[in-house]
Amino acid sequence: MKISKYMKNSYDMKLHYVISMLLACILASSISISAQPKNPYYEKGYKADLQLGMTPAKNYVIANWALTSSHGYCFGNGLFVGGGTGFYLDERGLDGKKCRLLLPVYGEVTYSFMNRLASPLIGVRGGALSDYTVRGSGFFVRPYIGANIWRISVTLGVELLSMGYRDISYTKVDDGFEINGPTGFQYGDFGVHIGISYNF
């Protein structure tokens, strides 16, 4: 009887110890999380991000993949104003090239609605594009909506663009281009753009 009572007391002590440790861990985690900024758009000062984007639309003529980095200033109220650069890789060839490299230089404005761990956001990005593979130039505009969860942002936008080439002309054939002579051409297009960013 004494042994079973001892075992019961020992078991109760271990159980209380485990529960106490779990509560201490939960409390420490809560304090750690609450001490961290909930939303980087509400941290006043310099802010940067690195974004990987893609455009899955079948007939989109500019970029299937994009890697860009934006840098600018957060005003501490959810508003970010800045600009950036990067590169677009267009898997559709032109003028005998299998793919094209385009370099953007752009400005960007983003607003995150709530200073919480998760918040919806809206924004717009726009600027110049240079095609360094076929030597063309143009501009793009991309309004977008999305959400940020802590330092990760996911966006969905529509990218409108206009590109011009002076040394070649083309005719659309299915998903590719057929070159028709050195007369030059200009085109406009749009597509749905999906992006995921890490905010520094």
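Before reading further, recall that the structure is shown in the block above.
Anyway, here's the lowdown on the structure attached to this text. Bear in mind that the values here come from a model prediction, so they are computed numbers and not experimental data.

1. Remarks on the overall build of the chain
Across its full length, the chain holds 1 helix and 10 strands. In the chain, the succession of α and β elements from N to C terminus is α-β-β-β-β-β-β-β-β-β-β. For the chain, the proportion of its 200 residues judged to be buried stands at 35%. Excluding contacts between residues fewer than 6 apart, the proportion of contacts in the chain whose partners are at least 24 apart in sequence is 58%.

2. Let's talk about the packing of aromatic side chains
All chains considered together, the criterion is met by 5 aromatic pairs. Ring centres 6.4 Å apart and planes at 70° place the aromatic pair Y106 and F140 in the edge-to-face group. Taken together, the positions of Y106 in strand β4 (residues 100-112) and F140 in strand β6 (residues 136-149) put the pair 34 residues apart, joining distant regions of the chain. Each member of the pair Y106 and F140 is classed as buried. Taken together, the ring pairs in this structure connect Y88, Y106 and F140 into an aromatic cluster. Just above the ring of F80 sits the side chain of K47; from NZ or CZ to the centre is 4.6 Å.

3. What about the pairing of β6?
As defined by bridge partners, strand β5 (residues 118-131) adjoins β6 across 14 bridges and the pair is classed as antiparallel. Each residue of the ladder has a partner; that of R125, found in β6, is R142. Where β5 folds back onto β6 in an antiparallel hairpin, the turn is made up of 4 residues, including R135, whose phi is positive at roughly 65°. Two successive antiparallel strands, β6 and strand β7 (residues 152-165), enclose a turn made up of 2 residues, where W150 displays a positive phi of approximately 55°.

4. What about the environment of L121?
By the secondary structure assignment, L121 is in strand β5. Spatially, the C-alpha atoms of L121 and T155 are 8.4 Å apart, while their sequence positions differ by 34 residues. Leave out the neighbours within four places in its chain, and L121 touches Y41, T110, Y111, S112, F113, Y144, I145, G146, A147, N148, S153 and T155.

5. Regarding the nonpolar core
Of all hydrophobic cores here, the largest spans 10 residues; its members are A66, Y88, L102, Y106, L129, V134, F140, L161, M163 and Y165. Put simply, the parts of the chain that give this core at least two residues each are β4 and β7. Top contributing element to this core by residue count: β7, with 3 residues. Listed in part, the 6 residues of the second largest apolar core include Y41, Y42, C74 and F80.

6. Side note on unusual backbone geometry
Here the phi dihedral of R135 falls at roughly 65°; this positive angle occurs in a residue that is not glycine. Of the residues examined, R135 reaches a relative accessible area of 72% and is grouped as exposed. Backbone geometry places W150, a non-glycine residue, at a positive phi of 55°. Within the fold, W150 resides in the loop between β6 and β7. Look at W150 and you get partly exposed, because its relative accessible area is 35%.

7. Some points on the side chain of N148
Within the secondary structure, N148 sits in strand β6. For N148, a relative accessible area of 0% translates into the label buried. Separated by 3.1 Å, the side chains of N148 and S112 make a polar contact. Apart from the residues within four sequence positions on either side, N148 is in contact with N39, P40, Y41, S112, L117, A118, S119, L121 and S153.

8. Section: the pairing of β7
Side-chain positions along a regular strand alternate between the two faces of the sheet. Two strands pair when backbone bridges link them, and β6 and β7 are joined in this way by 11 bridges, in the antiparallel orientation. Among the inter-strand pairings, V141 is bridged to a residue of β7, identified as L160.

The rules we used
- Residues numbered from 1 in each chain as written.
- Predicted model: local features only at pLDDT ≥ 70, side-chain atom pairs only at ≥ 80, totals over all residues.
- Heavy atoms only, no water.
- Helix = DSSP H or I, 4+ residues; strand = E, 2+ residues; numbered from the N terminus.
- Buried < 20%, exposed > 50% of the residue type's maximum accessible area, 1.4 Å probe, protein only.
- Contact = heavy atoms within 4.5 Å.
- Phe/Tyr/Trp six-rings, centres within 6.5 Å; stacked < 30°, edge-to-face > 60°.
- Lys NZ or Arg CZ within 6 Å of the ring centre and 35° of its normal.
- Pairing = 2+ DSSP bridges.
- Core = buried A, V, L, I, M, F, W, Y, C linked by side-chain atoms within 4.5 Å.
- Polar contact = N/O pair within 3.5 Å; in protein donor to acceptor, adjacent residues only side chain to side chain.

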